[in-house]
Amino acid sequence: MGDYNRDGHKHKGVMPVERTERNVGRVSTLTCMAISGALALSFFALASLLGYPVVARVGGAVWVFLLSMIVSLPLVTSYWKRRHKGD
Amino acid sequence: MMTQHTDTKEMASVVLPVRGMSCASCVAHVELALRELPGVSHVVVNLATGTARVEYTPGVVLVDQMKQAVRNIGYEVTEKVEAEEVVDREREERQQEIRRQGLYLLFAAPVSLIIMLGTFRDYWILPYFVPEWLGNKLLLGLLATPIVLGPGRQFFVNSFRGLRHGVTDMNLLYATGIGAAYLIAVINTLWPEAGFGGKGATFYESAALLTTFIVLGRWLEALTRGRTSEAIRKLMSLKPKVARVLRNGQELELPADDVQVGDLVSVRPGESIPVDGLVLEGYSAVDESMITGESIPVEKKTGDEVIGGTMNKTGAFQFKATKVGKETALAQIIKLVEDAQASKAPIQKLADWVAGHFILGVHALALLVFAFWFFLGYSYFFDPSTSFLLSPHKLGEIGVFGFSLLLSITVLVISCPCAVGLATPSAMMAGAGKAAEHGVLFKGADAIEATSKLTTIIFDKTGTLTKGEPSVTDVSVNGSMNGLMDDELLALAASVEKGSEHPLGEAIVRATQERGLAIADVESFNAIPGHGVEARCQDHEVLLGNRKLMSDREVDIQGLLLQAEALEQEGKTVMFVAVDGKAAGLIAVADTLKDFSKEALERLHRLGLEVVMITGDNQRTAQAIARQVGIDRVLAEVLPQDKAEEVRKLQAQGKRVAMVGDGINDAPALAQADVGIAIGSGTDVAKETGHVILIKEDLRDVVVALEVAKATMRKVKQNLFWAFGYNTVMIPVAAGVFYPLAKLVVSPEIAAFLMATSSVSVTLNTLLLKRFAPTLKREEQQPALTAGQWATTTATGINIKE
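No experiment lies behind these values; they were computed from the predicted model shown. (Residues numbered from 1 in each chain as written. Chains lettered and ligands numbered in written order. Predicted model: local features only at pLDDT ≥ 70, side-chain atom pairs only at ≥ 80, totals over all residues. Heavy atoms only, no water.)

Time to look at the overall build of chain B. Summing up its helical and strand segments, chain B has 28 helices and 31 strands in all. Taken across its 802 residues, chain B has 58% of its residues classed as buried. The long-range fraction of contacts in chain B, counting pairs at least 24 apart against all pairs at least 6 apart in sequence, stands at 67%. Roughly 32,900 Å² of accessible area belongs to chain B as shown, and the carbon and sulfur atoms make up 57% of that amount. (Helix = DSSP H or I, 4+ residues; strand = E, 2+ residues; numbered from the N terminus. Buried < 20%, exposed > 50% of the residue type's maximum accessible area, 1.4 Å probe, protein only. Contact = heavy atoms within 4.5 Å. Areas by Shrake-Rupley, 256 points an atom, 1.4 Å probe, with all protein chains shown as cover.)

What follows is the structure, encoded as structure tokens:
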């Protein structure tokens, strides 16, 4: 539906909105997972270094990962959307 | 689909009803999703009305693409067909929401109470009547599970939908709060040695009460939210369903929508007038209060205009339909109020922006709080005797992870800015509706905000402060004319002017007719351009004109000159009358003030506003009018095209200026002013330029507009205080800033309760605006009249000053 204009002609040279959305979503998720994973790992490493119990280390790393994903996802998504538009 | 085309041919606009928005963050997300579409030029999303108004270029983007974009971020889009249907649908949806959240509450509240009793059964007097088995952690877990998975499910589903598209909203705050509290409780029940705080930290009551309080907030919000849009509903309910139409000599009862322009419509006493029209036959009094705010029924006779939706009171009449369907005044008013309610004030844009970034900031803060208490806070400050605020529950066994997580979750829950999203639009909706009740139409929320900040009001003179047509103000007979009475002099002058088309002559004829005096025929008549007229009437030679005419005809007017000069000082135009070569008297004519001009200006002064008059008249006339009404400053001899420039000059002095004019001649000045107030539009509200439209020709409505705008903005600020106040004060408390001193932490359920209180305070505070009445109306409702008060004293609705 999104590929066609009112007259039923296919838009030329314009990336359909849905496909762009999907691409942006995929790239954003991967980027966020990388950032959040790095932060969670750093947390885990620091907690291990300071001798925290395993549960605290693992639980903390999961919580840090979750919050980092939530914080970074909108920022990263908007960044990739801007990049796609720029293209 | 209701598509309204804008001024330019290439642009179109559409209003999409969006469901599922619950906070300012949702508003920001929907706006962003739509704005990012190619071809979309402007988007305004209103949380209170649940609508998105999109301006776009047809052909570049499709409405379906817009809908898809909104659906992609987890919200539902419904079709909008007719305003009436939207209101019905909105009401239906609200009823559904009230029912749904009410049922959830009915289940969650008692079960949560049982869980709480079970959790705290060892405290206070509870061991005496709470059975021991109720404190069993497994049982508590079994009771909490249906609450989290039932009423709490909506938060998980909605936040997941948003997250899939990179959107974070307040559902995520709830979901993380409820989910984490429940998960820790389950772990501590099944594996107490896992290091999450053990059996002493099974926060089933937190998960259950958190869910219950959030659901309570949602339920109360749904209950109160719809009431702010009652104005539209009230206006729509005015729309009559049936009309009696006379076709081919027969009276047919037709649906009001089927009435055609030109149809002859019959109205009986007690019936609603179905469409706008002109009275052809009959006489009656019509209650127009629902449209114009005028409290006293207005008399209607042949040639008078009637407004669809108003109520016929006493007599029966027939009228010709002039406007039907969407052209009627009622339909236009509904459209304007709807537009105003769907628009966004600058203060709201700021609040939305802040709230939109708030959630992200809160999650970042929750991360920082967690890291701080995990690595530093717990080891430095944790005390095993720590308890929850307003709870006997101790945190003795809780570990570093459990404690840090607890504070982190509480920050998330307590800082939800859902009340911020409602603060401005709910007050704006209520304000726009309240203004419409009094015959004042704001064209947008920005107009309400701008009106509340005004410092200076400029009134156009002719047609705004004054009636715009000359009237006879003084008739005076020369002392030497023994036996001649004022009325005789006026009647004589009217006889002479009967054939004249000069405005001054017309004023004399009108005044004579109003006094019920007979106007005689003239035997001969001669107009002397620029000077006056001469005629032979009742065997007398009569001259009527200015000094020059009298001087040319050698009439001695010395005895009248003193009086003439005094009248001219008051801005009046003096005409001398000579009979058979002798000065018989004078007649003064002036553009008189409208009934309530003086009172309106007095009230504006009381509000502390500077009042300016602008006119093309000379200084003397302008000053005379200014003295009568109490104008602070006069801008005289200003050409119509220069009025906008004068407005600009005042604005350059840092003043916030409103221009009050008739909306046609003053259009450029109205547009230039911070607020253009078009007065007396009658039924043609949609054609008016200006930001505020006054349906009646009553200048006191300018005061009503100001008072409503100020009251609305006061409400907006109070709401924003309540909305942000809770968050601002409670976030540091939740983050544990005072923990080292107080050894108390805020439990997630208390956080949820505070957050729900914030939303409810905002909606209840807005509802108080419904009780607002402008000073004028309050005074009118006072039964006893006291000296100096303005009061309605005649049945025709004319107010006079005692």
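Adjacent strands of a sheet pair through backbone hydrogen bonds, lying either parallel or antiparallel. Residue and element names in this part refer to chain B. One open sheet accounts for 7 strands, arranged β16-β28-β27-β26-β17-β24-β25; its pairing is mixed. The strands lining the two open edges of the sheet, one partner per strand, are β16 (440-442) and β25 (633-635). Pairs of neighbouring strands in the sheet enclose a mean axial angle of 20°, with direction left out of account. Sheet analysis places strand β27 (residues 675-679) next to strand β28 (residues 692-694), joined by 3 bridges and oriented parallel. Bridging from a neighbouring strand, Ile679 pairs with Leu694 of β28. (Pairing = 2+ DSSP bridges. Axes fitted to C-alpha atoms, helices over the stretch in contact; angles between N-to-C directions.)

Residues and elements named next belong to chain B. Spatially, 6 strands are ordered β18-β23-β22-β21-β20-β19 in an open sheet, and the strand pairing comes out antiparallel. Since the sheet does not close on itself, it has two edges, and those belong to β18 (466-477) and β19 (524-528), each with one partner. Each strand axis lies, on average, 20° off the axis of its neighbour in the sheet, ignoring direction. Note: strand β21 (residues 540-545) against strand β22 (residues 573-579), 4 bridges, orientation antiparallel. Across the sheet, the residue bridging to Val542 is Val579, located in β22.

Residues and elements named next belong to chain B. Take Thr328: it is sitting in the loop between β14 (317-323) and α11 (329-342). A residue is classified by how much of its surface remains accessible, and Thr328, at 8% relative accessible area, is buried. If we skip the residues at most four places from it in the chain, Thr328 touches Val275, Asp276 and Lys323.

Turning our attention to the environment of B:Ile679. Residue and element names in this part refer to chain B. Tracing the backbone shows Ile679 in strand β27. Residues Ile679 and Asp662 lie 17 residues apart in sequence; the distance between their C-alpha atoms is 5.4 Å. Once you skip the residues sitting within four places of it in the chain, Ile679 turns out to touch Thr464, Val660, Gly661, Asp662, Leu694, Lys696, Glu697, Asp698 and Leu699.

Below, the discussion takes up the packing of aromatic side chains. Residues and elements named next belong to chain B. Per the stated rule, a full pass over the model turns up 21 aromatic pairs over all chains. Centre to centre, the rings of Tyr182 and Tyr204 are 6.3 Å apart; their planes meet at 65°, and the pair counts as edge-to-face. One end of the pair, Tyr182, is in helix α7 (residues 170-190); the other, Tyr204, is in helix α8 (residues 204-225), with 22 residues separating them in the sequence. As far as the burial class goes, Tyr182 and Tyr204 line up, both buried. Summarising the aromatic geometry, the rings of Phe370 and Phe401 are spaced 5.9 Å apart at their centres and angled 85° between planes, so their arrangement reads as edge-to-face. A residue pair is termed long-range when its members are at least 10 positions apart, and Phe370 in helix α12 (residues 346-381) and Phe401 in helix α13 (residues 400-414) qualify at 31 residues. Residue Phe370 is classed as buried on the basis of its relative accessible area, which comes to 0%. Exposure remark for Phe401: the relative accessible area of 3% places this residue in the buried category. Here the aromatic cluster, defined as three or more aromatic residues joined through ring pairs, consists of Phe372, Trp373, Tyr378, Tyr380, Phe381, Phe382, Phe403 and Tyr739. Over the aromatic face of Phe596 sits the side chain of Arg700, whose NZ or CZ is 3.6 Å from the ring centroid. (Phe/Tyr/Trp six-rings, centres within 6.5 Å; stacked < 30°, edge-to-face > 60°. Lys NZ or Arg CZ within 6 Å of the ring centre and 35° of its normal.)

Another aspect to go through is the packing of α13(B) against helix α25 (residues 700-734) of chain B. Helix packing for two helices is described by the angle between their axes and how far apart those axes are. All names here are of chain B. Contact pair α13 / α25: the axes reach a minimum separation of 9 Å and the direction vectors enclose 175°. It follows from the interaxial angle that α13 and α25 lie roughly antiparallel. Of the residues in α25, those touching α13 at Leu407, Thr410, Val411 and Ile414 are Asn727, Met730, Ile731 and Ala734. For the contact of α13 with α25, a count of residues per class yields 6 nonpolar, 2 polar and no charged. (Parallel < 35°, antiparallel > 145°, perpendicular 65-115°, else oblique. Nonpolar A, V, L, I, M, F, W, Y, C, P; charged D, E, K, R; others polar.)

Residue and element names in this part refer to chain B. When you tally the buried positions in β27, you get 5 out of 5 residues, the bulk of the element. Going residue by residue along β27, you find Val675, Ile677 and Ile679 tucked away on one face and Gly676 and Ala678 tucked away on the opposite face as well. Pairing of strand β26 (residues 657-661) with β27 involves 4 bridges; the strand directions are parallel. The partner of Ala658 across the bridge, within β27, is Val675.

The next point concerns a nonpolar patch on the surface. Residue and element names in this part refer to chain A. There is a patch of nonpolar side chains on the surface, built from Phe44, Val54, Val58 and Val62 and spanning about 330 Å² of accessible area. If you tally residues by element for the nonpolar patch, the top one is helix α2 (residues 54-86), at 3 residues. By secondary structure assignment, the location of Val54 is in helix α2. (Patch = residues over 30% accessible without salt bridge, like charges linked within 9 Å, V, L, I, M, F, W, Y side chains within 5 Å. Salt bridge = Lys/Arg side-chain N within 4 Å of Asp/Glu carboxyl O.)

Our next topic: the side chain of B:His363. Topologically, B:His363 is positioned in helix α12. Residue B:His363 is classed as buried on the basis of its relative accessible area, which comes to 0%. In this view, B:His363 contacts A:Leu67, A:Ile70, A:Val71, B:Leu172, B:Leu173 and B:Leu412; residues no more than four positions away in its chain are not counted.

Summarising the model, chain A shows a mean pLDDT of 76, and 71% of its residues fall at 70 or more. In the predicted structure, residues 1-15 of chain A sits below a pLDDT of 50 and forms 23 contacts with residues beyond four places in sequence or in another chain. (pLDDT = per-residue confidence, 0-100.)

The next thing to look at is the confidence of the model for chain B. Averaged over all residues, the pLDDT of chain B is 80; the fraction at 70 or higher stands at 85%. Across the predicted assembly, pTM comes out at 0.67 and ipTM at 0.82.

This part covers the pattern of salt bridges. Residues and elements named next belong to chain B. Tallied over the full model, the rule gives 31 salt bridges over all chains. Between Lys548 and Asp552 there is a salt bridge, and its shortest N-O distance comes to 3.3 Å. Of this pair, Lys548 and Asp552 both sit in helix α19 (residues 547-552), separated by 4 residues, roughly a single helical turn. Residue classification places Lys548 among the partly exposed positions, given a relative accessible area of 45%. Residue Asp552 is classed as partly exposed on the basis of its relative accessible area, which comes to 43%. Asp701 serves as the salt-bridge partner of Lys696, at 3.7 Å between the closest nitrogen and oxygen. Taken as a pair, Lys696 and Asp701 share a single burial class, namely buried. Each of Arg244, Glu251, Glu253, Arg268 and Glu271 takes part in one network of salt bridges that share partners.

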